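Overview (structure and organization)
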Amino acid sequence: MFGFGEKNIGIDLGTANTIVYVEGKGIVLREPSVVAKSTKSGEVIAVGAEARAMIGRTPASIQAVRPMKDGVIADYDTTVAMMKYFIQKALGHSSGKPYVMVCVPTGITAVEKRAVIDATRVAGARDAYVIEEPFAAAIGAGLPVMDPTGSMVVDIGGGTTDVATISLGGIVSSRSVRMAGDKLNESIAQYVRQKYNLLIGERTSEQLKIDIGSASADAAKEIKAVPVRGRDLVTGLPTTVEISGTDVNKAINESVMAIIATIKETLEETSPEIAADVIDHGIVLTGGGALLRNITDVIAEATQVPVSIASDPLDCVAIGTGESLKSINVMKKKQ
Ligand code: ADP
Ligand code: MG
C-alpha cells in the first residue's frame, strides 16, 4: 500500500501492557508497559518484561516506571523511550520507518491525543494515526462494527474500563472510568494491610487477584486460601499470612460495583434500538480484567443482558488496531 518494504504497525499502548501488531504478520510482541531507568542519569536500563521484574525490587540507583497512567501518557520521555524500543524490537532490522496506528481511550483531551501522536513520531514512526480503543477492541473481538446493528463492548484494562456501544462504523455512546485492574490491585493491598497488618507489593496483590480473585462472593467461598508473604506492619519482619478468596472478593467488590454501574449508565443512555440489539447479541468483554473469575456472571445478573468474553481478550485492541491499518489511507484524510 505504501511502497516496497514498508511495514505498517498497530500499537496497543496500554497502561499495563503494550502489544505490537505488524501488518501481514499479526501480533509480534506483548510486553508490560514498564521502563527501568537510572535515577541519576535517567538512562534506560531495561524495558518491558525485564523492567517489570524489577518493580518493588530496585536499589536506590534504579527506578522502575510505568509511563502510562489511566490510559494516557503520564511520563512523555519515558513513553517515547519505551515505544522506540518496542518498535525496533517488533520490526527487527528491516529498513524504513513504519506508519503506526495507535489506540487511544475515548474521552481523552486533544492535548493528550496530540501527545500520543507526537510520542509515536519521535519514537520512530514515519507518521502516526489514532483509533479509539473501544472501537479497536470491538473489531478485535469480531463484532459486526460496520453493520446497522448495535454492539456493546466493555474493555477492562489496567488503568481504565471503557464501555462503548458501536454501530455503523462508529461509537454511538461511550464512557470511560479510571477503575480497572490497577485499582483492584490497590484495593487488595489496602485490605490485606488493614485486616492482617501485612504490607504487600503491587505484584503480589496482582498475583492474588489472578490466582484467587472472584467477582462473585458466593463463588469466592469455594476458592482455596493461599499463603502470602509480605512485611508485618507491627514487627517490621517478613511473614506469611493465609489470604482467602473471600478476602480478595471483599477487597475488590466496591471497584467491581463501580464498573457495573458504568455499564448500566451506558446502557441507560442508548437508544431503544441499540438496547434491543445489545440484548440480542449480549455484551462482549475485552482486556485483561475480563479474565477475572465470574465477572461475566455478576455483570449479566446486574444488567439482565447476556455477557461473554472475547476470545483472546488481552489481544483484542491490538488486533483491531492492526486490522484498522487497512483503512489508514481513509484515516489520513480525516486527521
Ligand atoms: P491495558 O490495556 O490497560 O494495558 P490489559 O488489557 O493488558 O490492560 O489488562 C491488564 C490488566 O488485566 C492488569 O490489571 C492485570 O492485572 C489484569 N489481568 C490479567 N489477567 C487477569 C486475570 N486472570 N484475572 C484478573 N485480572 C487479570
Ligand atoms: Mg487496553
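Computed from a prediction, not measured in an experiment: that's the story for all the values here.

Cut-offs applied
- Residues numbered from 1 in each chain as written.
- Chains lettered and ligands numbered in written order.
- Predicted model: local features only at pLDDT ≥ 70, side-chain atom pairs only at ≥ 80, totals over all residues.
- Heavy atoms only, no water.
- Near = heavy atom within 4 Å.
- Polar contact = N/O pair within 3.5 Å; in protein donor to acceptor, adjacent residues only side chain to side chain.
- Helix = DSSP H or I, 4+ residues; strand = E, 2+ residues; numbered from the N terminus.
- Nonpolar A, V, L, I, M, F, W, Y, C, P; charged D, E, K, R; others polar.
- Domains from an automatic or database assignment.
- Buried area = accessible area lost by both parts, 1.4 Å probe.
- Salt bridge = Lys/Arg side-chain N within 4 Å of Asp/Glu carboxyl O.
- Buried < 20%, exposed > 50% of the residue type's maximum accessible area, 1.4 Å probe, protein only.
- Pairing = 2+ DSSP bridges.
- Right-handed = clockwise from strand over helix to strand, strands pointing away.

**Concerning the site of ligand 1**
- Not every one of the 18 residues close to ligand 1 is listed here, only the nearest: Ala16, Asn17, Gly158, Glu206 and Lys209.
- Measuring from an oxygen atom of ligand 1, one finds a side-chain N or O atom of glutamate 206 at 2.4 Å.
- Of all elements in the fold, only helix 5 (181-196) and helix 6 (202-212) reach the threshold of two or more residues within the shell around ligand 1.
- Here the element with the most residues in the shell around ligand 1 is helix 6; it accounts for 3 residues.
- Tallied by class, the residues present in the shell around ligand 1 amount to 5 nonpolar, 10 polar and 3 charged.
- The residues that make up the shell around ligand 1 include at least three from each of domain 1 (8-135 + 316-334) and domain 2 (143-179 + 253-309).

**Focus on the domain arrangement of the chain**
- You can read the domains of the chain as domain 1 (8-135 + 316-334) and domain 2 (143-179 + 253-309).
- Each of domain 1 and domain 2 has a C-alpha centre, and these two points are 25 Å apart.
- Contact with domain 2 buries area across many residues of domain 1, yet Asp70, Pro134 and Phe135 alone supply 54% of it, more than any other trio.
- At the boundary of domain 1 with domain 2, the tally comes to 1 salt bridge.

**Things to note about helix 4 (residues 133-140)**
- Counting buried positions over the 8 residues of helix 4 gives 8, a clear majority of the element.
- Along helix 4, the residues classified as buried are Glu133, Pro134, Phe135, Ala136, Ala137, Ala138, Ile139 and Gly140.
- In the segment just after helix 4, glycine 142 is the residue with positive phi, at about 80°.

**Considerations on the pattern of salt bridges**
- Considering all chains together, one arrives at 12 salt bridges under this definition.
- With a closest N to O distance of 3.6 Å, aspartate 118 and arginine 114 form a salt bridge. Here the residue aspartate 118 and the residue arginine 114 both occupy positions in helix 3 (residues 110-122), the gap between them amounting to 4 residues, near one helical turn.
- Classification of arginine 114 as partly exposed rests on a relative accessible area of 40%.
- Across the pair arginine 121 and aspartate 127 runs a salt bridge, and its minimum N-O distance is 2.8 Å.
- Judged by relative accessible area, arginine 121 falls into the partly exposed class, the value being 33%.
- One salt-bridge network, held together by shared partners, links Arg66, Asp182 and Glu202.

**Considerations on the pairing of strand 9 (residues 99-104)**
- A large share of strand 9 lies buried, amounting to 6 of its 6 residues.
- Neither face of strand 9 is exposed, since Tyr99, Met101 and Cys103 on one face and Val100, Val102 and Val104 on the opposite face are all buried.
- Pairing geometry for strand 1 (residues 8-13) and strand 9, over 4 bridges, is parallel. Across the sheet, the residue bridging to isoleucine 9 is valine 100, located in strand 9.
- As judged from the 6 bridges shared by strand 9 and strand 10 (residues 127-132), these two strands associate in the parallel manner. Bridged to valine 100 within strand 10 is alanine 128.
- Tracing the backbone out of strand 9, into helix 3 and back to the parallel element strand 10 gives a crossover that is right-handed.

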